[in-house]
Amino acid sequence: MVSSLPHPTTSAGRDGLAALLARPEKAVVALDFDGTLAEIVPDPEQARAHPGAVAALAALAPHVASVAVITGRPAGVAVRYGGFAGVPGLERLVVLGHYGAERWDAVTGTVRAAAPHPGVASVRAELPGFLDRVGAWPGTWIEEKGRAVAVHTRRAVDPQGAFEALKDPLADLAARHGLVLEPGRMVLELRPPGMDKGVALSDYVRETGAGSVLYAGDDLGDLPAYAAVDKLRSDGVPGLLVCSAAEAEAVPELATHADLTVPGPAAVVGLLAGLAEAVDQGA
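Residues numbered from 1 in each chain as written. Predicted model: local features only at pLDDT ≥ 70, side-chain atom pairs only at ≥ 80, totals over all residues. Heavy atoms only, no water.

Moving on: the overall build of the protein. Helix and strand counts for the protein stand at nine helices and 12 strands. For the protein, the C-alpha radius of gyration of 19 Å lies close to 19 Å, the compact-globule estimate for 283 residues. Overall size of the protein, expressed as C-alpha extent along the three principal axes, is 60 × 40 × 35 Å. Per-residue burial over the protein gives 53% buried out of 283 residues. Long-range pairs, those at least 24 residues apart, make up 67% of the contacts in the protein between residues at least 6 apart in sequence. Working note: accessible area of the protein is about 11,600 Å², and carbon and sulfur atoms make up 56% of it. Computed over 23 positive and 34 negative side-chain charges, the separation of the two mean positions in the protein equals 5 Å. (Helix = DSSP H or I, 4+ residues; strand = E, 2+ residues; numbered from the N terminus. Rg over C-alpha atoms; globule rule 2.2 N^0.38 Å. Buried < 20%, exposed > 50% of the residue type's maximum accessible area, 1.4 Å probe, protein only. Contact = heavy atoms within 4.5 Å. Areas by Shrake-Rupley, 256 points an atom, 1.4 Å probe, with all protein chains shown as cover. Lys, Arg positive; Asp, Glu negative; His and termini not counted. Charge placed at Lys NZ, Arg CZ, Asp CG, Glu CD.)

Before going further, it helps to examine empty space enclosed by the protein. For the coordinates displayed, the defined rule picks out one cavity of 30 Å³ or more. Taken as a whole, the largest cavity spans an internal volume of roughly 440 Å³. Residue lining of the largest cavity: 26 residues in total, with Asp34, Lys145, Val187, Glu189 and Asp219 positioned closest to the centre. Looking at the lining of the largest cavity, the elements with two or more residues in it are strand S8 (180–183) and strand S9 (187–191). (1 Å grid on protein atoms, 1.4 Å probe; cavity = no way out; pocket = protein on both sides within 12 Å on 5 of 7 lines; lining within 4 Å. Points joined across faces, edges and corners; volume = space filled by probe spheres on them.)

The buried fraction of helix H3 (residues 75–82) amounts to six of the eight residues, a majority that puts the element mostly inside the structure. Along H3, the positions that sit buried rather than exposed are Ala75, Val77, Ala78, Val79, Tyr81 and Gly82. Each element contacted by the buried residues of H3 is listed here: helix H2 (53–60), strand S3 (94–97), strand S4 (102–105) and strand S5 (110–113). Among the residues trailing H3, Gly83 stands out with phi positive, at a value near 70°.

Here H2 crosses helix H9 (residues 265–282) at 25°, and the two axes come no closer than 8 Å. In this view, H2 runs roughly parallel relative to H9, as classed from their interaxial angle. Judged by the twist between their axes, the crossing of H2 over H9 is left-handed. Two secondary-structure elements touch here, H2 through Ala53, Ala56, Leu57, Ala59 and Leu60 and H9 through Val269, Leu272, Ala273, Leu275, Ala276 and Val279. Classifying every residue of the contact of H2 with H9 by side-chain character gives 11 nonpolar, no polar and no charged. (Axes fitted to C-alpha atoms, helices over the stretch in contact; angles between N-to-C directions. Parallel < 35°, antiparallel > 145°, perpendicular 65-115°, else oblique. Left-handed = near helix turned anticlockwise from the far one by under 90°. Nonpolar A, V, L, I, M, F, W, Y, C, P; charged D, E, K, R; others polar.)

Sheet strands pair by backbone hydrogen bonding; their relative direction is either parallel or antiparallel. The strand order across the open sheet formed by eight strands is S5-S4-S3-S2-S1-S10-S11-S12, and the pairing between neighbours is mixed. Among the strands making up the open sheet, the edge pair consists of S5 and strand S12 (260–262). Adjacent strand axes in the sheet meet at a mean angle of 20° when their direction is disregarded. Where S3 meets S4, four bridges bridge the pair, whose relative direction is antiparallel. Note that in S4 the partner of Val94 across the bridge is Asp105. Sheet strands in contact with helix H7 (residues 223–234) are strand S10 (212–217) and strand S11 (239–244), and its direction is about 160° off that of S11. (Pairing = 2+ DSSP bridges.)

A separate point is the pairing of S5. Both S4 and S5 contribute to a ladder of four bridges, which runs antiparallel. Within S5, the position partnered with Glu102 by the bridge is Ala113. The hairpin turn running from S4 into S5, its antiparallel successor, is four residues long, and Gly109 in that turn takes a positive phi close to 70°.

Our focus in this paragraph is the sheet that holds S9. One open sheet accounts for four strands, arranged S6-S7-S9-S8; its pairing is antiparallel. Every interior strand has two partners, whereas the edge strands, strand S6 (141–144) and S8, have only one. Sheet twist, expressed as the mean angle between neighbouring strand axes with direction ignored, is 25°. As paired strands, S8 and S9 are joined by four bridges and run antiparallel to one another. Each residue of the ladder has a partner; that of Val180, found in S9, is Arg191. Running at roughly 25° to strand S7 (residues 149–152), helix H4 (residues 118–133) makes contact with S6, S7 and S9 of the sheet. Docked against the sheet, helix H5 (residues 159–176) engages S7, S8 and S9, running at close to 5° with respect to S9.

Time to look at the side chain of Asp222. By the element assignment, Asp222 lies in the loop between S10 and H7. Within the structure, the side chain of Asp222 is placed 3.0 Å from the side chain of Lys197, a separation counted as a polar contact. Within the local environment of Asp222, its side chain forms a polar contact with the side chain of Tyr215, the two groups lying 2.5 Å apart. Setting aside its immediate chain neighbours within four residues, Asp222 contacts Asp32, Lys197, Tyr215, Gly217 and Leu254. (Polar contact = N/O pair within 3.5 Å; in protein donor to acceptor, adjacent residues only side chain to side chain.)

Written as C-alpha cells, this is what we have:
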C-alpha cells in the first residue's frame, strides 16, 4: 500500500482495499455525487464536482473495471455538474441517476431511462398547496428532480425544526401516491419505491462481474449501497466502504458503518488520486 493511501479501520475494509489493489482490473469504484464528489451547498443547482475530481477519476478509471457515479439527481444533471462528458480517460464512465432509473454511458453520451412513476407527477402538483396547509416554515423550498421531488429545509431559520415538522406529513403524502419518503441532510425526498442506491449498485456489480467494490457516500441515502456492499462481502466479493464527511458533520449511521472516513470531497479526491497512483505503480 502506498503511503498516500489512508488505512481502513476494519479488517473487512482492509481486505476490500487489498483486493482492489491486487486486481484493479476487476474492481468497481462507485461514488455518490453531492457531498462526496461535490461539496454540499445551500442551492443544489450551484453544486459542482470538486476541481480535482475529474482529473483523479480520469487517472484511476483506465486501471479499473468501471467507475460509476450513483446519485439521486437526474443522470444528465450529474454529468453537467460533474463535467464528466468528453474527458479522456473517462470513456467507460457510467452515471446511474435517479438511483438507477436513469443511466448515462460515456461511450454513447446518451441517457436511458425507465418509464416515470405516475405518483411523482401527482405529488408535484399537490405539494405547493400541501406545504401551505401544513404550515411549512419560511425558507422551506421544493426542488424538482424529474423522477422525484425534494423538500429542502436548509434555508429555514430552524432547519432541523422544519425538517422534523415536515417528516411525518410528507411521509403520509408520499404513501398516498404510492411513493416513499427518503430523509437526508435537511432534505426530504419523495420518490418511487424500489429506487435506491443499493439496488443500483448491486445490479451494476452483477453486470460487470466485479471482483471487488469500493463505495463512497455521505448521507442516509447511501445506507442501501452500504448494505449492498455488506451483502456482496457475504457472497465473497471484497468491498471498501468510505464515508465522506468531516468528523463533526458525519452522519452517524454512515460513519459507524464505514471502513474509512475521510473529511469531505477534497479528501475523496485525494483517495482517488492515491488509488490511481498505487495501481499505476503496480501495473
